[in-house]
Amino acid sequence: MSRPLDGVVVLEMGEGISAAYCTSVMATLGADVIKIEASSGDPSRRLGPFPEDILHLEKSGLFLYLNRNKRSVVLDLDDAAGQDALRALSSRSSIVVENFAPGYLAERGLGYEALSRDQQTLVMTSITPFGQDGPYRDYRATEITVFALGGYMSLIGDRSRAPLKFGGSVAQYTTGLYASTATLTALHLAEEAGMGQYIDISVMESMTSDHSQDTMDYSYRGFVRERESSRVPIPCADGFISFSVQAHRYEDFRRLILGDRAEAEEADDAVARDQMRMEGDLDTEILQWSYDKSKYEAYLLAQDAHVPAAFVADMSDLVESPQYAAREYFVEIDHPEAGTQLYPGFPARLTGADWQYSAAPLLGEHTEEVLSELTELSAGMVAELAATEVA
Amino acid sequence: MTATSSKQQLPLEGLRVLDLGMYQAGPTAGRWLADAGAETIKIESRTHPDNLRILARGVYPDGEPGERSWNRSGMINVRNRNKLGITLEMGEPRGRELFKQLVAMSDVIVENFSNRVMERWQLDYPRLREINRGIILASMYSQGGTGPESSFVSFGPTLEQLGGLVHLTGYPDELQGIHTVALPDPLAGSMAVTMVLAALRQRRKSGEGAHIDLSQRENMTSMLGEFVLEHSMNGRVAERIGNRDQRMAPHGCYRCRGEDAWVAIAVETDEQWEKLCNAIGQPTLIKGDQFETMSSRHEHQDELDMIISEWTATRDKVEVMEELQRSGVAAGAVYTAADSFADPHLRARDFWESVDDPDAGTQIYPGRPMHMSETPLKTRRPTPTLGQHNEYVFRDLLGLSETDLAELEATGIVGTEPTEVARQGRI
């Protein structure tokens, strides 16, 4: 079966999460993603998690997840031959995605201006913490510091304790996803009207544009929203659940928690208009209902009663989730070094297309193959480039 | 095409989108398509306006709902710019008939209803395809269109729990409560548009539209891949670690001078550790037994955090950030909305946009994360008031007569005000 991005060649020059996730989405959709790595490899090869916690460049869980379905080409971008090879590859590409520090590629004659000279419909996307200009352009950043500047952190956590970051690296993933959408938006125009362009996308702006209640509160009424921690999930026998009860579900909610008593006791109409009060009002009863049920059982009972509910799922819950199993969301991928592991699949299905997964590439695995296939470089030159010692 | 005229072109010009989205996820997808130039028609009804017109959580100009409050909330106006707006009673046969006429002349439909709604209206993909073979239906389901939990109702915050994010978030000693931001919604909007663009490319080759079956829950878990691999490789279930990091130390959020003021600091290398020690006037710590290597710093984080907090506590959060950044250490002030609006960097990059809304006046909105060199994206029109473009869509596009439209208004199929029941939020 065909895939929607069949025939699209994407060059990825990136380190870590954002660019890799951006092109990983494209790779699943069928693009031929060529990942350019230094001979030392993408730093995420050193980040793990590793089987038995033993560092190994071909066994990093983060790298394996973000780079499946791609080919790896090792090029030294500080070297003239490496730069020539890169330009030769980009002239055959529809898309270039990179997340180096601003200016890094331009200094090596590999910026948008240079690369688009030979490929006028090129779409090139740069992902950085702060963008290509502005006073913070050269600021250092990690997940937590840009999450803080992006305004999310001030909204999460207890008022009496430090603001919190989300677990994982969701700011970088999010920006990677936005970059894939923006890049494919531009690809549409490039293919329809022959117009290429350059896209500058930043993590800080991705974060700041994401959460709107607090920015609108401030813009519309000068109100600075503080972080709240008022509704703590409800304990069950083996974990926690929570409800998201709206006014029109209040009767369903009362019936779920109170059973027969719901009919006998009159509901307070004022309470039904306030979600906090709806749940607060029945605090004791909710605990009596929940404490001896498993989180999954309580969640199913609530949803069966039309009460929007969730449980706090950990990784083993997800791996064992009947819903994920029914949709075959997780996939097994076999890798020559890391063995067969379980990976997240892809979160969307599309009529007429089918997703396939091949393992992340070994460092430099495809240098010779890709350079011979896509460039006019002489066999001798290709052999020389492919002979670069890796890590 | 001349260079000047090509500058005017937007990426998705010429496409028409029917946006049935409600709340945040669906309208965010529609907003993205509208920003990029697609003619995007937001479809609501008098009985079911977008819930954020009603559940505005007090976000009105100066806090005043005023007249026509349903057009005045920042919650609705931030998410629906560049769209046209109509009302159409989809529960009525006549409403669905008009909707089908729109489907025949459109490219994309976006919806984030629970998965029974489109079928109940007999507007599921196979039926829509009979009307228009090229139509692309993007269904932004909570948990996908199939599977035992597919009919369950959820919202952004519940999807963070179901998708695995909440378990990984929070102070180690305290379960995290539910907060007011909902990350899965904008993520789902972006993924839906990615899929729409993929489907458009597929359609160019095959002439066939497609049904996009998106699971917002899976979309959340897809951002936690390394934790899935950790479970697969080592059988380990990752737990929350607050503001700390598996590898880096020091790594945290530190109190600064002033009310509820904080700064996030992360040290990635030994070199940065040296710079941090010098910046905070503690050069003797650099080679101290407890702190010399990343792993020893990791072991002694409590002591480290106390030393750093002592230094930050008497300083302004922005000054701390600037001073550490000058030294080459990653630091970021914890921004409130007020800080974000005042931030010199976002201003220098023209991030904020001032938009004049018909019923909400001139307000400032967050812009977009992507800056496109040839087709800069701007707000060309504000969020439509309820039913603002009924005339254009029903008369000009569908060719109804003035009498036909009057008839639709008289029977409540279209209109510009929510019904009394809808205004109470009991919809």
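What counts and what doesn't
- Residues numbered from 1 in each chain as written.
- Chains lettered and ligands numbered in written order.
- Predicted model: local features only at pLDDT ≥ 70, side-chain atom pairs only at ≥ 80, totals over all residues.
- Helix = DSSP H or I, 4+ residues; strand = E, 2+ residues; numbered from the N terminus.
- Buried ≥ 20, exposed ≤ 12 C-beta atoms within 10 Å, placed from the backbone.
- Contact = placed C-beta atoms within 7 Å.
- Pairing = 2+ DSSP bridges.
- Axes fitted to C-alpha atoms, helices over the stretch in contact; angles between N-to-C directions.
- Nonpolar A, V, L, I, M, F, W, Y, C, P; charged D, E, K, R; others polar.
- Domains from an automatic or database assignment.
- Core = buried A, V, L, I, M, F, W, Y, C linked by C-beta atoms within 7 Å.
- Parallel < 35°, antiparallel > 145°, perpendicular 65-115°, else oblique.
- Left-handed = near helix turned anticlockwise from the far one by under 90°.
- Arc of directions from axis to C-beta.
- pLDDT = per-residue confidence, 0-100.
- Expected span 1.5 Å × (residues − 1).

## What about the overall build of chain B?
So, step 1. When its secondary structure is counted, chain B shows 20 helices and 12 strands.
So, step 2. Oriented by its inertia axes, the alpha-carbon framework of chain B measures out at about 85 × 55 × 50 Å.
So, step 3. Taken across its 427 residues, chain B has 55% of its residues classed as buried.
So, step 4. A separation threshold of at least 6 residues defines the contact pool for chain B, and within that pool the share at least 24 residues apart is 70%.

## Section: the overall build of chain A
So, step 1. Secondary structure assignment for chain A yields 18 helices and 12 strands.
So, step 2. Residues classed as buried in chain A amount to 57% of the 391 residues present.
So, step 3. Taking as baseline every contact in chain A between residues at least 6 positions apart, the subset at least 24 positions apart corresponds to 71%.

## Comments concerning the sheet that holds strand β9 (residues 330–333) of chain B
Hydrogen bonds along the backbone pair up the strands of a sheet, which may run parallel or antiparallel.
All names here are of chain B.
So, step 1. With respect to topology, three strands assemble into an open sheet ordered β7-β8-β9, the strand pairing being antiparallel. Sheet topology places β7 (251–255) and β9 at the edges, where each strand pairs with a single neighbour. If you compare each strand with its neighbour and ignore which way they point, the axes differ by 20° on average.
So, step 2. Relative to β9, strand β8 (residues 262–266) runs antiparallel, the two sharing four bridges. Note that in β9 the partner of Ile 265 across the bridge is Ala 331.
So, step 3. Here helix α14 (residues 301–312) sits on the sheet and contacts β7 and β8; the angle it forms with β7, its principal contact strand, is near 40°.
So, step 4. Taken strand by strand, helix α15 (residues 317–327) contacts β8 and β9, and its axis lies near 160° from that of β9.

## Some remarks on the interface of chain A and chain B
So, step 1. Listed by partner, the interface residues are 120 residues for chain A and 129 residues for chain B.
So, step 2. If one sorts the elements of the side of chain A that touches chain B by residue count, helix α7 (residues 170–193) of chain A sits on top with 15 residues.
So, step 3. When grouped by side-chain class, the residues that make up the side of chain A that touches chain B number 66 nonpolar, 36 polar and 18 charged.
So, step 4. Two elements, strand β6 (residues 197–202) of chain A and strand β12 (residues 370–372) of chain B, share three bridges in a ladder whose sense is antiparallel. Considered in β12 of chain B, the bridge of Ile 199 of chain A is made with Met 372 of chain B.

## A short note on the pairing of strand β4 (residues 95–98) of chain A
All names here are of chain A.
So, step 1. Every second residue of β4 is oriented toward a common face, with Ile 95 and Val 97 on one face and Val 96 and Glu 98 on the other, all of them buried.
So, step 2. In this structure, strand β1 (residues 9–13) lies alongside β4, joined through four bridges in parallel fashion. What sits directly across from Leu 11, in β4, is Val 96.
So, step 3. Sheet analysis places β4 next to strand β5 (residues 123–128), joined by four bridges and oriented parallel. When the sheet's bridge partners are listed, Val 97 is paired in β5 with Thr 125.

## So, the domain arrangement of chain A
So, step 1. Entries for chain A in the domain assignment read domain 1 (9–212 + 326–386) and domain 2 (234–311).
So, step 2. Relative placement of domain 1 of chain A and domain 2 of chain A: their C-alpha centres are 44 Å apart.

## What to know about the environment of Ile 135 of chain B
Residues and elements named next belong to chain B.
So, step 1. Mapped onto the elements, Ile 135 comes out in the loop between α7 (125–131) and β5 (136–141).
So, step 2. Along the primary structure Ile 135 and Val 181 are separated by 46 residues, whereas in three dimensions their C-alpha atoms are 33 Å apart.
So, step 3. Excluding residues that lie within four positions of it along the chain, Ile 135 makes contacts with Val 103, Ser 106, Ile 109, Leu 128, Arg 129 and Gly 209.

## Looking at the domain arrangement of chain B
Put simply, an interface is often sized by how much accessible area is lost when its parts join up.
So, step 1. When the domains of chain B are assigned, the result is domain 1 (3–222 + 351–423) and domain 2 (251–342).
So, step 2. In this structure, domain 1 of chain B and domain 2 of chain B have C-alpha centres spaced 42 Å apart.

## Structural notes on the nonpolar core
So, step 1. By size, the foremost hydrophobic cluster in this structure holds 218 residues, and its most contacted members are Leu 33, Ala 138, Ala 192, Met 195, Val 196, Ile 212 and Val 263 of chain B.
So, step 2. Considering every element that reaches this core, the biggest residue donor is α7 of chain A, with 12 residues.
So, step 3. Setting aside residues no more than four positions away along its own chain, Ala 138 of chain B makes contact with Ala 29, Val 108, Ile 109, Val 110, Ala 192, Met 195, Val 196, Ile 212 and Leu 214 of chain B.
So, step 4. In this structure, Ala 56, Ile 76, Tyr 365 and Ala 422 of chain B belong to the second largest nonpolar core, which totals 13 residues.

## Comments concerning the packing of helix α12 (residues 270–279) of chain B against α15 of chain B
Residues and elements named next belong to chain B.
So, step 1. Contact geometry of α12 with α15 gives a least axis separation of 9 Å together with a crossing angle of 130°. Relative to α15, the element α12 is oriented oblique. For α12 against α15, the interelement crossing comes out right-handed. Residues Lys 275, Leu 276, Asn 278 and Ala 279 of α12 form the contact with α15, whose own contacting residues are Glu 323, Leu 324 and Ser 327.

## Comments concerning the sheet that holds strand β1 (residues 16–19) of chain B
So, step 1. Judged by pairing direction, the sheet is mixed, and its seven strands sit side by side in the order β12(A)-β6(B)-β5(B)-β4(B)-β1(B)-β2(B)-β3(B) without closing on themselves. Two strands bound the open sheet, and with one partner strand each, they are β12 (348–350) of chain A together with β3 (83–87) of chain B. Mean inter-strand twist for the sheet, computed between neighbouring axes without regard to direction, equals 20°.
So, step 2. When β1 of chain B meets strand β4 (residues 108–111) of chain B, the two strands line up parallel, connected through three bridges. By the bridge assignment for β4 of chain B, Asp 19 of chain B is matched with Val 110 of chain B.

## Let's talk about α12 of chain B
Residue and element names in this part refer to chain B.
So, step 1. Where α12 is concerned, the buried positions are Gln 272, Trp 273, Leu 276 and Cys 277. One face of α12 carries all of its buried residues, which in axial projection span an arc of 140°.
So, step 2. Residues of α12 that are buried in the fold lie against α13 (294–299) and α15.
So, step 3. Once α12 ends, the next one or two residues include Gly 281, with phi positive near 70°.

## A word on the packing of α7 of chain A against helix α9 (residues 184–206) of chain B
So, step 1. Between α7 of chain A and α9 of chain B, the least distance of the axes is 9 Å, while the angle of their chain directions is 30°. As the angle between them shows, α7 of chain A and α9 of chain B are arranged roughly parallel. Like other packed secondary-structure pairs, α7 of chain A and α9 of chain B cross with a definite hand, here left-handed. Residues Thr 174, Leu 177, Tyr 178, Ser 180, Thr 181, Leu 184, Thr 185 and His 188 of chain A of α7 of chain A form the contact with α9 of chain B, whose participating residues are Leu 187, Ser 190, Met 191, Val 193, Thr 194, Leu 197 and Leu 200 of chain B.
So, step 2. Broken down by class, the residue content of the contact of α7 of chain A with α9 of chain B amounts to eight nonpolar, seven polar and no charged.

## Here we look at the pairing of strand β11 (residues 339–344) of chain A
Residue and element names in this part refer to chain A.
So, step 1. Strand direction decides the pairing type here: strand β10 (residues 330–335) and β11, joined by six bridges, are antiparallel. The residue of β11 that forms the bridge with Glu 332 is Leu 342.
So, step 2. Taking the residues between adjacent antiparallel strands as the criterion, β10 and β11 are bridged by three residues.

## With respect to the confidence of the model for chain B
So, step 1. Considering every residue of chain B, the mean pLDDT works out to 94; 96% of them sit at 70 or more.
So, step 2. This prediction of the complex comes with two scores: 0.96 for pTM and 0.96 for ipTM.

## Points about unusual backbone geometry
So, step 1. In this chain, Gly 48 of chain A is followed by Pro 49 of chain A through a cis amide linkage whose omega measures 0°.
So, step 2. With respect to the helices, strands and loops of the structure, Pro 49 of chain A is situated in the loop between β2 (32–37) and α2 (61–66).
So, step 3. Here the amide bond leading from Ala 249 of chain B into Pro 250 of chain B is cis, since omega sits at -5°, within 30 degrees of zero.
So, step 4. Within the secondary structure, Pro 250 of chain B is located in the loop between α11 (225–234) and β7.
So, step 5. Of note in the backbone geometry, Asp 62 of chain B takes a positive phi value of approximately 55° without being a glycine.
So, step 6. C-beta crowding within 10 Å serves as the criterion here: with 10 such atoms nearby, Asp 62 of chain B is assigned to the exposed category.
So, step 7. Unusually for a residue other than glycine, Gln 122 of chain B sits at a positive phi of about 55°.
So, step 8. Within the secondary structure, Gln 122 of chain B is located in the loop between α6 (117–120) and α7.

## Considerations on α9 of chain B
Residues and elements named next belong to chain B.
So, step 1. With 23 residues, α9 extends 32 Å from end C-alpha to end C-alpha; this agrees with the ideal 33 Å at 1.5 Å per step.
So, step 2. Of all 23 residues making up α9, 19 are buried, and the element is well covered by its neighbours.
So, step 3. Looking one or two places after α9, you find Gly 207, whose phi comes out positive at around 75°.

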